[in-house]
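# A closer look at the structure
Now for the letters of each chain:
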Amino acid sequence: MTKQVKNKSLVTPITRRSCLGGLVALSAALGLGGGLSACGWRIRGKIELPYKKILISGTMTPELKNMIVMVLNVNEIQVVEAAKESDLVLEIMSEQNAKQVLSYNTAGQITSYRIISRIVFRTFDPVTGIEIMPESDIYQMRDIEFNQSNIQAFDQMVNDYVANMRTDIVIQLMRRLASVKKLPKESSSGSELDLQAK
C-alpha cells in the first residue's frame with residue numbers, strides 16, 4: 001500500500017553532477033539530422049526568430065546554456081557576448097532542477113519521487129532596456145518510482161529525466177522566442193516609427 005505525500009515542500013535540489021547528459025543527447029540528435037528525434041522530441045521545421053543576434057545572460061547551469069546556444073546556432077541565430085552587439089537579451093533569471101518525495105509505503109519507505117525542472121526568463125532590448133517578453137516560466141515535471149534496492153539505476157533514471165526535461169524546456173523556449181516581435185524603431189526624424197517587426 002502506498003501513501004501519497006500531502007506536504008509538497010519536501011524538495012531536494014538535484015546537483016549539477018546529476019544534470020549531465022542532456023547536451024550529449026541533443027548534440028547527437030542535431031548531428032544526425034537537425035532534429036531532436038533521438039531524445040524523443042522534435043522541432044518540426046526551422047524556427048524563425050525575428051532577432052538574429054542574441055545575448056544570453058543570467059543564472060543557469062552550463063548544460064542549459066550550451067543547449068540553448070546549440071539550438072540557436074542550428075537555427076542560424078548568432079550568440080554574442082556583448083549587449084552592444086545583440087538585437088535581444090535573453091536573461092535566464094533562475095533555473096531549478098529538483099526532486100520531491102511523492103509517496104511512501106506503509107513501512108515509511110519512499111516509493112516515488114517527482115522530478116522538477118523549471119526556468120524563469122525574460123527578454124529585453126539591449127539599448128533601451130525595455131522588456132519585450134516579461135518574466136515568464138517554463139515548467140516540466142515527471143513522476144518516477146523509487147526502489148531502495150537499486151539506487152544506482154534510480155540515479156541514472158533521474159539523470160535521464162532531467163536531461164529530457166531540459167531538452168523539452170529549450171524547445172518550448174525557442175517557440176516562445178519565435179513569438180516575440182521586434183520593438184518599433186524610432187525613425188531619424190524622431191516623429192515616426194519604422195516597424196521592423198517580422
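In the block above lies the structure referred to throughout.
Read on for a plain summary of the structure.

### Overview of the pattern of salt bridges
For the coordinates displayed, the defined rule picks out 4 salt bridges. In this structure, R118 and D137 form a salt bridge, with 3.1 Å as the shortest nitrogen-oxygen distance. Linking R118 in strand β6 (residues 110-124) with D137 in strand β7 (residues 131-145), this pair joins segments that are 19 residues apart in sequence. Exposure remark for R118: the relative accessible area of 30% places this residue in the partly exposed category. The exposure class of D137 is partly exposed, given its relative accessible area of 34%.

### Here's the deal with helix α2 (residues 62-74)
Because each turn of an α-helix spans 3.6 residues, side chains separated by three or four positions end up pointing in the same direction. Between the first and last C-alpha of α2 there are 18 Å, a value that for 13 residues agrees with the 18 Å anticipated at 1.5 Å per step. All of the buried residues along α2 are E63, L64, M67, I68, M70, V71 and L72. Just past α2, the residue E76 takes up positive phi, approximately 60°.

### Quick look at the pairing of strand β5 (residues 88-105)
Here strand β3 (residues 53-58) runs beside β5; their pairing, made up of 5 bridges, is parallel. Note on β5: the bridge partner recorded for L55 is V89. Sheet topology note: the β5/β6 ladder contains 14 bridges and is antiparallel. Looking across to β6, one finds that K99 is bridged to I115. Linking β5 back to β6 in an antiparallel pair, the connection comprises 4 residues, with G108 at a positive phi of about 85°.

### Re the packing of aromatic side chains
Applying the stated criterion to the full structure yields 3 aromatic pairs. Centre to centre, the rings of Y113 and F146 are 5.5 Å apart; their planes meet at 80°, and the pair counts as edge-to-face. Of this pair, Y113 sits in strand β6 while F146 is found in the loop between β7 and α3 (151-178), placing the two residues 33 residues apart along the sequence. Accessibility assignment for this pair places Y113 and F146 in one class, buried.

Conventions adopted
Residues numbered from 1 in each chain as written. Predicted model: local features only at pLDDT ≥ 70, side-chain atom pairs only at ≥ 80, totals over all residues. Heavy atoms only, no water. Salt bridge = Lys/Arg side-chain N within 4 Å of Asp/Glu carboxyl O. Helix = DSSP H or I, 4+ residues; strand = E, 2+ residues; numbered from the N terminus. Buried < 20%, exposed > 50% of the residue type's maximum accessible area, 1.4 Å probe, protein only. Expected span 1.5 Å × (residues − 1). Pairing = 2+ DSSP bridges. Phe/Tyr/Trp six-rings, centres within 6.5 Å; stacked < 30°, edge-to-face > 60°.

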